[in-house]
Amino acid sequence: MKTLNCYVLLLCWKAICCNSCQLTNITIAVEREECEFCITVNATWCSGYCFTRDPVYKYPPVSTAQQTCTFKEVVYETVKIPGCGDHPESFYSYPVATECHCGTCDTDTTDCTVRGLGPSYCSFSQNGSNQ
């Protein structure tokens, strides 16, 4: 009976602690080459840990896709970048996550790799936070 209680406690701990995928505030740099100007905006994105496992023995018929913290829903916000006047190039739309979950990364809509420059990299002069 004591062993059963330990297993139940361990499963509850995994369910609560190991899946901490949630919305997180981030700051991203937004720039357009045509404007030669960069601004930073505040947005929300998904961050955290999801329960994963890597079996010792891999059997071809069994899928071993790992889950990652990713968005469930996004909306697009638009910001005007100074230095372009009223040209269409002066507006930039970027995704903002509104709901997160643990799931497989959808390579059709998401870059599932790690980029070296990061979200706060700017090529041009930078203005303070816009939102």
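This write-up is about the structure you can find in this document. The shown structure was predicted, so the numbers you read here are calculated from the model rather than taken from an experiment.

**Remarks on the nonpolar core**
- In this structure, Ile28, Val30, Cys35, Ile39, Val41, Ala43, Val79, Ile81, Cys84, Tyr94 and Val96 together form the largest nonpolar core, which totals 11 residues.
- Every element with two or more residues in this core is listed here: β1 (22-32), β2 (37-47) and β4 (91-103).
- Cys21, Cys46, Cys50 and Ala97 belong to the second-largest nonpolar core, a separate cluster that totals 7 residues.

**Description of the state of the cysteines**
- Per the counting criterion, the structure on display carries 3 disulfides.
- In this model, cysteine 21 is linked to cysteine 69 through a disulfide, with the two sulfur atoms separated by 2.1 Å. One disulfide, between cysteine 21 and cysteine 69, carries an S-S torsion of 80° and so falls in the right-handed class. Here cysteine 21 is found in the loop between α1 (2-17) and β1, whereas its partner cysteine 69 is found in strand β3 (residues 68-80), with 48 residues between them in sequence.
- Overall, the relative accessible area of 14% leaves cysteine 69 in the buried class.
- There is a disulfide in this structure between cysteine 46 and cysteine 100, and the S-S distance comes to 2.1 Å. Between cysteine 46 and cysteine 100, the S-S torsion sits near -90°, and that sign places the bridge as left-handed. Separated by 54 residues along the polypeptide, cysteine 46 in strand β2 and cysteine 100 in strand β4 bring together distant segments of the chain.
- Given a relative accessible area of 11%, cysteine 46 falls into the buried group.
- Judged by its relative accessible area of 17%, cysteine 100 is buried.

**Notes on the pattern of salt bridges**
- Using the criterion set out here, one finds 1 salt bridge in the structure.
- In this structure, the salt-bridge partner of glutamate 99 is lysine 72, at a minimum N-O distance of 3.9 Å. Taken together, the residues span a long stretch of sequence, with glutamate 99 in strand β4 and lysine 72 in strand β3 at a distance of 27 residues.
- For glutamate 99, a relative accessible area of 31% gives the class partly exposed.

**Structural notes on a negative patch on the surface**
- On the surface, a cluster of negative charge is contributed by Glu33, Glu34, Glu36 and Glu89.
- Position of glutamate 89 relative to the elements: it lies in the loop between β3 and β4.
- On the basis of relative accessibility, which here comes to 35%, the residue glutamate 89 falls in the partly exposed class.

**Focus on the environment of threonine 52**
- Here threonine 52 lies in the loop between β2 and β3.
- Given the relative accessible area of 40%, threonine 52 is considered partly exposed.
- Residues threonine 52 and cysteine 102, spaced 50 residues apart in sequence, show a C-alpha to C-alpha distance of 9.8 Å.
- With sequence-adjacent residues up to four places away left out, threonine 52 is seen in contact with Gln66 and Gln67.

Cut-offs used in this document
Residues numbered from 1 in each chain as written. Predicted model: local features only at pLDDT ≥ 70, side-chain atom pairs only at ≥ 80, totals over all residues. Heavy atoms only, no water. Core = buried A, V, L, I, M, F, W, Y, C linked by side-chain atoms within 4.5 Å. Buried < 20%, exposed > 50% of the residue type's maximum accessible area, 1.4 Å probe, protein only. Helix = DSSP H or I, 4+ residues; strand = E, 2+ residues; numbered from the N terminus. Disulfide = S-S within 2.5 Å. Salt bridge = Lys/Arg side-chain N within 4 Å of Asp/Glu carboxyl O. Patch = residues over 30% accessible without salt bridge, like charges linked within 9 Å, V, L, I, M, F, W, Y side chains within 5 Å. Areas by Shrake-Rupley, 256 points an atom, 1.4 Å probe, with all protein chains shown as cover. Lys, Arg positive; Asp, Glu negative; His and termini not counted. Charge placed at Lys NZ, Arg CZ, Asp CG, Glu CD. Contact = heavy atoms within 4.5 Å.

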